[in-house]
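If you want the building blocks of each chain, they are given just below.
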Amino acid sequence: MNIHIFENEEDLNMTGAGLIASLLQTKPRAVLGLATGSSPVGIYKQLITMHQKGLVSFAQAHSFNLDEYVGLPTKHRESYRSFMNEQLFNHIDIDLSRTNVPNGEASDLAAECADYERRLEDLGPVDLQILGIGHNGHIAFNEPATELTAITHVVDLKEETRQANARFFDSIDEVPTQAITMGVGSILKAKQILLIARGEEKAEIIREAFMGPITTSCPASLLQCHPNVVVLLDRAAGSLVR
Ligand code: GLP
């Protein structure tokens, strides 16, 4: 576990973007694991700047996103597909046909999950997986539970997760109740994992995830089993890390 705590946002973003850019420079056909949420946005901005300066190309890369809401139209501004297009894909040279986001509008959700997992198997393993962390320790949409699911599956969102994500919608009623998410097994298969957390409200869960016991009640704690995890924190999120 490689934990870095940054005094300023720019250094954190440059370090994260630098890792992704160096991967693409040495392996242009790399498979990137991408995340939504506010945590990776600064890194995506930095990657866009690097791309505009001609320092990095995504033309041959593939990407897989962690999750997508069920039942939200793909074109809805808060779908994770829209988020990725807005925050990254529309501003770089990635081939959209090589970007994978689960289809939350699929009529057969079980078949969509199985197909997503098969695509991951065929193109994977993911070279570098970006992750945020939920306030309750969820990674992607793998919520705390007595048992976790290894592969891509449909999940019922916890009320606290819906509340946390309600800030992006007009009201809590609009927040979907289910999502498709890669499983913890699919995530842990990545060769390298880059977890990002910012702000004081993430300090306690970061302590639990990386300093506490490995437990399904904090899904992020399973990352302690992975041999190559880099954690980038701002000072507030890292304030309880010893
Ligand atoms: C959502 C996503 C997660 C993300 C989490 C934290 O629930 N499904 O992948 O890590 O939110 O989001 P934020 O980075 O905005 O705190």
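What comes next is a walk through the structure. Nothing here was measured: the structure is a model prediction, and the numbers come from that model.

**Thoughts on the nonpolar core**
Ranked by size, the top nonpolar core spans 62 residues in total, and within it I20, Y44, L88, I130 and L223 carry the most contacts. Excluding residues within four positions of it along the chain, Y44 makes contact with L34, A35, F83, M84, Q87, L88 and I130. The next biggest cluster of nonpolar side chains, apart from the first, holds ten residues, and it includes Y69, F169, V175 and A179.

**Observations concerning helix 2 (residues 41-52)**
Taking 1.5 Å per residue as the helical rise, helix 2 with its twelve residues ought to reach 16 Å, and the 17 Å between its terminal C-alpha atoms agrees with that figure. Counting buried positions along helix 2 gives nine out of twelve residues, so the element sits mostly inside the fold. Buried-residue contacts for helix 2 involve helix 1 (9-26), strand 2 (31-34), helix 3 (80-87), strand 6 (128-131) and strand 9 (192-197). Two residues or fewer past helix 2, G54 is found with a positive phi of approximately 80°.

**Notes on the pattern of salt bridges**
If you walk through the whole model with that rule in mind, you get 14 salt bridges. Notably, a salt bridge pairs R77 with E78, separated by 3.8 Å at the nearest N-O pair. Since its relative accessible area comes to 48%, R77 is described here as partly exposed. Judged by its relative accessible area of 17%, E78 falls in the buried class.

**Quick notes on the sheet that holds strand 5 (residues 99-100)**
Read from one edge to the other, the open sheet built from seven strands follows the order 1-10-9-6-2-3-5, with strand pairing classed as parallel. Here the strands that pair on one side only, and so sit at the sheet edges, are strand 1 (2-6) and strand 5. Where strand 2 lies against strand 3 (residues 62-65), four bridges are found, and the strand directions are parallel. Bridge pairing in strand 3 places L34 opposite N65. Helix 4 (residues 109-123) rests against strand 2, strand 3 and strand 5 of the sheet, and its axis sits at about 145° to strand 3. In the packing of helix 7 (residues 203-211) onto the sheet, contacts are made with strand 1, strand 9 and strand 10 (229-234), and the angle to strand 9 comes to roughly 155°.

Definitions and limits used
- Residues numbered from 1 in each chain as written.
- Predicted model: local features only at pLDDT ≥ 70, side-chain atom pairs only at ≥ 80, totals over all residues.
- Heavy atoms only, no water.
- Core = buried A, V, L, I, M, F, W, Y, C linked by side-chain atoms within 4.5 Å.
- Buried < 20%, exposed > 50% of the residue type's maximum accessible area, 1.4 Å probe, protein only.
- Contact = heavy atoms within 4.5 Å.
- Helix = DSSP H or I, 4+ residues; strand = E, 2+ residues; numbered from the N terminus.
- Expected span 1.5 Å × (residues − 1).
- Salt bridge = Lys/Arg side-chain N within 4 Å of Asp/Glu carboxyl O.
- Pairing = 2+ DSSP bridges.
- Axes fitted to C-alpha atoms, helices over the stretch in contact; angles between N-to-C directions.

This is a description of form; function is not addressed.
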